[in-house]
Amino acid sequence: MKKALLASLTASLFAVYATYSAADDTPVASAQMVKEYTEMCVNWAKDDDVMNEDLYAYVLNCVNDELESEGYQKVTSVKI
């Protein structure tokens, strides 16, 4: 019984580790790509009448959505 529990726990931990290491294998987008997505998202924010106080969060989420959809790692900040 203890061996089965230990094996199950070990398999679960390995699955979690594999998930995190797979996320780290995604490529990092170039600064130019992030800049282009940022400009695009700023334009979309203007079209959507996003308030200034919400602009940064909107653009960061937008850029990360675009990067993720293209298979790149998310960024932690953008320059507006």
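As the structure is a computational prediction, the values presented were derived from the model and not from experiment.

*Asks:* Can you help me understand helix H2 (residues 31-47) in this one?
*Replies:* Residues spaced three or four apart along an α-helix face the same direction, because each turn holds 3.6 residues. Its 17 residues give H2 an end-to-end C-alpha distance of 24 Å, which sits within 8% of 24 Å, the value for a rise of 1.5 Å per residue. Listed as buried for H2 are Val34, Tyr37, Thr38, Cys41, Val42 and Ala45. One side of H2 holds all its buried residues, which, seen down the axis, span an arc of 145°. Along H2, exposed side chains directed more than 90 degrees from the buried face belong to Lys46 and Asp47. Check the buried side of H2 and you find it contacts helix H3 (52-69). Residue Asp49 follows H2 closely and has a positive phi angle near 55°.

*Asks:* Hey, could you run me through the nonpolar core in this one?
*Replies:* As a rule of thumb, nonpolar side chains are buried together in soluble globular proteins. Core analysis: the largest hydrophobic core is formed by 13 residues, its most contacted members being Val34, Cys41, Val59, Val63, Leu67 and Val78. Secondary structure elements with two or more residues in this core: H2 and H3. Of all the elements, H3 adds the most residues to this core, at six residues. With residues near it in sequence (within four places) discarded, Cys41 still touches Tyr58, Val59, Cys62 and Val63.

*Asks:* When you look at the environment of Ala29 in this model, what are you seeing that I'm missing?
*Replies:* Relative to the helices and strands, Ala29 resides in the loop between helix H1 (2-24) and H2. Expressed as a C-alpha distance, the spacing of Ala29 and Gln73, which sit 44 residues apart in the sequence, is 6.9 Å. Ignoring any residue separated from it by four or fewer positions in sequence, one finds Ala29 in contact with Val34, Leu67 and Tyr72.

Conventions adopted
- Residues numbered from 1 in each chain as written.
- Predicted model: local features only at pLDDT ≥ 70, side-chain atom pairs only at ≥ 80, totals over all residues.
- Heavy atoms only, no water.
- Helix = DSSP H or I, 4+ residues; strand = E, 2+ residues; numbered from the N terminus.
- Expected span 1.5 Å × (residues − 1).
- Buried < 20%, exposed > 50% of the residue type's maximum accessible area, 1.4 Å probe, protein only.
- Arc of directions from axis to C-beta.
- Contact = heavy atoms within 4.5 Å.
- Core = buried A, V, L, I, M, F, W, Y, C linked by side-chain atoms within 4.5 Å.

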